[in-house]
Amino acid sequence: MRLLFVGRIEYAKGISQLISAFENIDDTDFELHIVGRGSAENIIKNIFDSRLIYHCFFNDKDLYALYDSCDVFVFPSYHENLLAVILEGLSSSFYVITSVFMKPRFDEFEKLSSLEYVNITEQAIRKAIIRVKDNLEHIRSIKRKREIYSTISEKYDWKKLVGQLCDHITKV
């Protein structure tokens, strides 16, 4: 099972807890792909686990190919202002493991069994990753992918979001 983290490599993104969780999984069927740059890159560069692949930066074409080859998006961030990265993961039909700090923004995806909120601890992240492996068939199902796409299209379409923003500005 291939896990993916895309984002700034910063401690506030929960990267050290994610790496610790991954290192404590004794299953060679797991791979963790990390894409990004940031001040905490040193923790990745000091890991000598062949299952952890650090990509630094990708062009769009290669990043799309990586998204297409992975199964689970893991983003245990302490805070996130622009939630596009989680929506990208969901729209790529990933199961998303994210932090409880993102609650309740994506509750509809939790109800679709497409997203899980976890505490940002090594143990909670590790348990969530292991639990997902047992549900991989469901995660890859076409029906689930259609439901996710429909929800994203209805709620997070840019035209709709801009229209809502304009309505709020007009009211103010």
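Quick caveat: nothing in here was measured; it's all calculated off a predicted structure.

Colleague: How would you explain the pattern of salt bridges if you had to name every residue and give the values?
Modeller: Summed over all chains, the structure comprises 11 salt bridges. Residues Lys133 and Asp27 are paired through a salt bridge, measuring 2.6 Å at the closest nitrogen-oxygen approach. With a gap of 106 residues between them, Lys133 in helix α6 (residues 122–133) and Asp27 in the loop between α1 (15–23) and β2 (31–35) connect regions that are remote in the sequence. For Lys133, a relative accessible area of 29% translates into the label partly exposed. Across the pair Glu122 and Arg126 runs a salt bridge, and its minimum N-O distance is 2.9 Å. Residue Glu122 and its partner Arg126 are both found in helix α6; the two are separated by four residues, about one turn of the helix. The network of salt bridges with shared partners includes Asp27, Asp29 and Lys133.

Colleague: Pulling in residues and values, what's your account of the environment of Asn46?
Modeller: Within the element layout of this structure, Asn46 appears in the loop between α2 (41–45) and β3 (52–54). Owing to a relative accessible area of 53%, Asn46 belongs among the exposed residues under this scheme. Of the polar contacts made by the side chain of Asn46, one reaches the backbone oxygen of Asn42; its length is 2.9 Å.

Colleague: Describe the side chain of Gln17, with residues and values.
Modeller: Summarising the element assignment, Gln17 is placed in helix α1. A residue is classified by how much of its surface remains accessible, and Gln17, at 17% relative accessible area, is buried. A distance of 3.1 Å separates the side chain of Gln17 from the side chain of Ser16, its partner in a polar contact. Those residues within four positions of Gln17 in sequence are excluded, and the remaining contacts are Tyr78, Ile120, Thr121, Glu122 and Ile125.

Colleague: Describe in detail unusual backbone geometry, supporting the description with residues and values.
Modeller: Trans is the common state for peptide bonds, and a negative phi is the common state for residues other than glycine. In this structure, Pro104 follows Lys103 across a cis peptide bond, with omega equal to 5 degrees. Its location among the elements puts Pro104 in the loop between β5 (95–99) and α5 (107–111).

Cut-off values and rules
Each chain has its residues counted from 1, following the order in which its sequence is written. Totals for whole chains, interfaces and linings use every residue, but because this is a predicted model, local features are given only for residues with pLDDT of at least 70 and side-chain atom pairs only at 80 or more, for both listing and counting. Values reported for side chains reflect all heavy atoms of the structure, with hydrogen atoms and water molecules removed beforehand. Each reported salt bridge corresponds to a side-chain nitrogen of Lys or Arg within 4 Å of a carboxyl oxygen of Asp or Glu. The numbering of helices and of strands both runs from the N terminus, where a helix is a DSSP run of H or I of at least 4 residues and a strand a run of E of at least 2. Think of it in three bands: residues with accessible area under 20% of the maximum for their type are buried, residues over 50% are exposed, and the middle band is partly exposed, with areas taken using a 1.4 Å probe on protein chains only. Think of a polar contact as two N or O atoms within 3.5 Å of one another; within protein, one of them needs to be a possible hydrogen donor and the other a possible acceptor, and neighboring residues in sequence only count if both atoms come from side chains. Contact criterion: two residues are considered in contact whenever any of their non-hydrogen atoms come within 4.5 Å of each other.

Note that every value here comes from positions in space, so none of it alone points to a role or purpose.
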